[in-house]
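Results of the structural survey
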Number of protein chains: 4
Amino acid sequence: MHYDFELPFKVRDYECDLQGIVNNANYQHYTEHTRHEFLLSRGVSFAALHEQGTDAVVARIQMQFKTPLRSGDSFVSRLALRKEGIRYVFQQDIYRQPDERLVLRSTVEAVCLVNGRLSDCPELDALLGCEAQQEV
Amino acid sequence: MHYDFELPFKVRDYECDLQGIVNNANYQHYTEHTRHEFLLSRGVSFAALHEQGTDAVVARIQMQFKTPLRSGDSFVSRLALRKEGIRYVFQQDIYRQPDERLVLRSTVEAVCLVNGRLSDCPELDALLGCEAQQEV
Amino acid sequence: MHYDFELPFKVRDYECDLQGIVNNANYQHYTEHTRHEFLLSRGVSFAALHEQGTDAVVARIQMQFKTPLRSGDSFVSRLALRKEGIRYVFQQDIYRQPDERLVLRSTVEAVCLVNGRLSDCPELDALLGCEAQQEV
Amino acid sequence: MHYDFELPFKVRDYECDLQGIVNNANYQHYTEHTRHEFLLSRGVSFAALHEQGTDAVVARIQMQFKTPLRSGDSFVSRLALRKEGIRYVFQQDIYRQPDERLVLRSTVEAVCLVNGRLSDCPELDALLGCEAQQEV
């Protein structure tokens, strides 16, 4: 698997729940933060986009939880982006460190709303270096 | 669609992010709380289960975000449970109130770990009223 | 103690951390939600205020944690408001139910920013029914 | 001001609320994570302590919010520890980077519960290098 971006993290204890493992909702936080840092690495600010009237919104998420993260764990969140029609499809996987054990395998599909309307964003695509491919 | 349980909610402003809509991760919070309240309605406490060495853990989630919730919105979170092999499959959908507009359609698959090992839990199934069906 | 408003809550399991008790940061969530529902009960929407350029921001918080809340606990969050100069001083206390045991005693001081500048808001004060008193 | 420990952070967009600034409750998350990383730097694991029957619990927090953090901001969270009687008093301040502007000034008081009872922990004090001083 080839990824376009990765970000290191460490579990924060408040992210763990009464089972002593990271609460599942936090994996969405990790993957969202990874996407936004990926955007920044390409010169795109999620907050600035919003102020300009362009909102990237998530339409669909699939997550498979493979190994729970615990207090003290370090991990890396990796991302690969492809474009399918007007959808941005992010493959987002998390690996525990240093043993590279797979923690989460997920797919996040986002679309752009410009002033509230579903829209193609060719300038954004150019920055992100993703070319639309024909949907099968 | 027939549901087994429902729980009313109201958006809390801290759940909204800088886009002015509920941050996606909170939908996992809503659906988790709904599952745990459903368990309680059947006499099963998630926390007590944990203390007894039985952990229900989520293996897989699929979510489709249909309409964003906003500050001030009320909504109902509905749940239907079926058993597939050893997996508990929760259909969990959220509807804005009072207009019943679909907000989220999701499927959450959980399994039971007893003292850390994947296990069938017939006593739990009896309480939840779910019978295992043959997987197709 | 006389309170101006109260709101019932139930602990959600995702709010508990690995100590098996509600993580302290959630008490700020509870008290914020209580303030915003209090505002709504007086016809004031926090989100609408923000869109009109008026932001109520918290300047200072004091919290005393008396009894931890746990999975399954119900509680009531109570609020009393007084005005001191340009500061809105909220006494916000939380009581476990049904035994009325004190969980949290807190004071939250907020001020209004109008278009980013510290400001008095007489219209807001009229709605909230709070009269400025001389600071000692 | 002399600090004993510091930790760099970056705002994550999901921590911002509909006002476009970091929601106040997250400052408790930042300061908690800083305390736990400080403990780790001294060889003390909060999670391991809990499993051994010793829980450090927060009794009192005071926070002054000086400058709001926003999407994209980096900051440093600094901590100084002193012992007052059986209380651990953490001075915890947050400074925006790189301009060192003060964001938060806070004091967090914690105590130790050993198997649920308020207790002195001389071994912990030795690791943390804090000597109890007479209370005034």
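For the structure itself, consult the block above.
The following paragraphs examine the structure supplied in this document. As the structure is a prediction and not an experimental result, all values here were calculated from the model. (Residues numbered from 1 in each chain as written. Chains lettered and ligands numbered in written order. Predicted model: local features only at pLDDT ≥ 70, side-chain atom pairs only at ≥ 80, totals over all residues. Heavy atoms only, no water.)

Attention now goes to the overall build of chain A. Regarding its fold elements, chain A presents 3 helices and 7 strands. Relative to the compact-globule value of 14 Å for 136 residues, chain A shows a C-alpha radius of gyration of 16 Å, a close match. Projected onto its principal axes, the C-alpha positions of chain A cover 45 × 30 × 25 Å. Relative to all contacts within chain A whose residues are 6 or more apart in sequence, the contacts with residues 24 or more apart total 66%. Within the structure as shown, chain A displays about 6,000 Å² of accessible surface, and the carbon and sulfur contribution to it stands at 47%. The positive charge centre, built from 15 side chains, and the negative charge centre, built from 20, are 6 Å apart in chain A. (Helix = DSSP H or I, 4+ residues; strand = E, 2+ residues; numbered from the N terminus. Rg over C-alpha atoms; globule rule 2.2 N^0.38 Å. Contact = heavy atoms within 4.5 Å. Areas by Shrake-Rupley, 256 points an atom, 1.4 Å probe, with all protein chains shown as cover. Lys, Arg positive; Asp, Glu negative; His and termini not counted. Charge placed at Lys NZ, Arg CZ, Asp CG, Glu CD.)

What follows deals with the environment of Pro8 of chain B. Looking at the secondary structure, you find Pro8 of chain B in strand S1 (residues 5-10). Beyond its immediate chain neighbours, meaning those up to four positions away, Pro8 of chain B contacts Phe75 and Val76 of chain B.

Two chain copies here: they are related by a rotation about an axis and a translation along the same axis. For the pair chain A and chain B, the relating rotation is 180°, the translation along its axis is 0.0 Å, and the fit reaches an RMSD of 0.0 Å. The relationship between the two copies is best expressed as a two-fold rotation axis. The position closest to the rotation axis in chain A is occupied by the C-alpha of Gln62 of chain A, lying 2.2 Å away. Taken together, the interface assignments show that 100% of the residues at the interface of chain A recur at the interface of chain B, consistent with an identical surface on both copies. (Least-squares fit on C-alpha atoms with pLDDT ≥ 70 in both.)

Across the boundary between the two partners, chain A contributes 22 residues, which contact 22 residues of chain B. The contact between chain A and chain B buries some 2,100 Å² in all, and 49% of this surface belongs to carbon and sulfur atoms. Of all residues in chain A, the largest losses of buried area upon contact with chain B belong to Leu18, Gln19 and Gln28 of chain A, amounting jointly to 25% of the total for that side. Inspection of the region where chain A meets chain B yields 0 salt bridges. Counting the contacts that link chain A with chain B gives 14 residue pairs in polar contact (both at pLDDT 80 or more). Elements with a minimum of two residues in the side of chain A that touches chain B: helix H1 (25-41), helix H2 (46-51) and strand S2 (54-65) of chain A. Among the elements that line the side of chain A that touches chain B, the one with the most residues is S2 of chain A, at 11 residues. Its residues placed into classes, the side of chain A that touches chain B shows 11 nonpolar, 8 polar and 3 charged. Relative to strand S2 (residues 54-65) of chain B, S2 of chain A runs antiparallel, the two being bridged by 5 bridges. (Buried area = accessible area lost by both parts, 1.4 Å probe. Salt bridge = Lys/Arg side-chain N within 4 Å of Asp/Glu carboxyl O. Polar contact = N/O pair within 3.5 Å; in protein donor to acceptor, adjacent residues only side chain to side chain. Nonpolar A, V, L, I, M, F, W, Y, C, P; charged D, E, K, R; others polar. Pairing = 2+ DSSP bridges.)

A few words now on the packing of aromatic side chains. Aromatic rings considered in pairs are described by the distance between their centres and by the relative angle of their planes. All names here are of chain A. Throughout the structure, instances matching the rule amount to 28 aromatic pairs over all chains. Summarising the aromatic geometry, the rings of Tyr3 and Tyr95 are spaced 6.2 Å apart at their centres and angled 75° between planes, so their arrangement reads as edge-to-face. Residue Tyr3 is located in the segment before strand S1 (5-10), and its partner Tyr95 is located in strand S4 (residues 87-97); the two are separated by 92 residues in the primary sequence. Tyr95 sits in the buried class, given a relative accessible area of 12%. Their ring planes at 5° and their centres at 5.1 Å tell us that Phe9 and Phe75 sit as a pair that is stacked. (Phe/Tyr/Trp six-rings, centres within 6.5 Å; stacked < 30°, edge-to-face > 60°. Buried < 20%, exposed > 50% of the residue type's maximum accessible area, 1.4 Å probe, protein only.)

With 8 residues of chain B at the contact, the number on the chain D side is 8 residues. Approximately 520 Å² of surface area, both sides summed, lies buried where chain B meets chain D, with 70% of it carried by carbon and sulfur atoms. Taken together, the connections running from chain B to chain D amount to 0 salt bridges. Where chain B packs against chain D, one counts 0 residue pairs in polar contact (both at pLDDT 80 or more). Considered class by class, the residues forming the side of chain B that touches chain D number 3 nonpolar, 3 polar and 2 charged.

Residue and element names in this part refer to chain A. Burial of strand S3 (residues 74-84) is extensive: 8 of the 11 residues sit out of reach of the surface. As paired elements, S1 and S3 share 6 bridges and run antiparallel to each other. Along S3, the bridge assignment pairs Leu7 with Ser77. Pairing geometry for S3 and S4, over 11 bridges, is antiparallel.

What follows concerns the relation of the copies chain B and chain D. Between chain B and chain D, the superposition needs a rotation of 180° and an axial shift of 0.0 Å, giving an RMSD of 0.0 Å. Interface residue correspondence from chain B to chain D reaches 100%, placing this contact among same-surface, isologous pairings.

This structure, assessed with the given rule, holds 44 salt bridges over all chains. A salt bridge links Lys10 of chain D to Glu37 of chain A; the nearest nitrogen and oxygen atoms lie 3.2 Å apart. Here Lys10 of chain D, found in strand S1 (residues 5-10), pairs with Glu37 of chain A, found in helix H1, and the two come from separate chains. Residue Glu37 of chain A is classed as buried on the basis of its relative accessible area of 15%. Residue Arg96 of chain B is joined to Asp99 of chain B by a salt bridge in which the shortest nitrogen-to-oxygen separation is 2.6 Å. Classification of Arg96 of chain B by relative accessible area gives buried; the value is 18%.

Residue and element names in this part refer to chain A. The terminal C-alpha atoms of H1, which comprises 17 residues, lie 25 Å apart, in line with the 24 Å expected from a rise of 1.5 Å per residue. Where burial is concerned, most of H1 is hidden: 15 out of the 17 residues are buried. Phi for Gly43, located one or two positions after H1, is positive at around 85°. (Expected span 1.5 Å × (residues − 1).)

Cis geometry marks the peptide bond from Gln97 of chain B to Pro98 of chain B, where omega comes out at 5°. Backbone geometry places Asn115 of chain A, a non-glycine residue, at a positive phi of 50°. Among the secondary structure elements, Asn115 of chain A is positioned in the loop between strand S5 (102-114) and strand S6 (117-119). The exposure class of Asn115 of chain A is exposed, given its relative accessible area of 63%.

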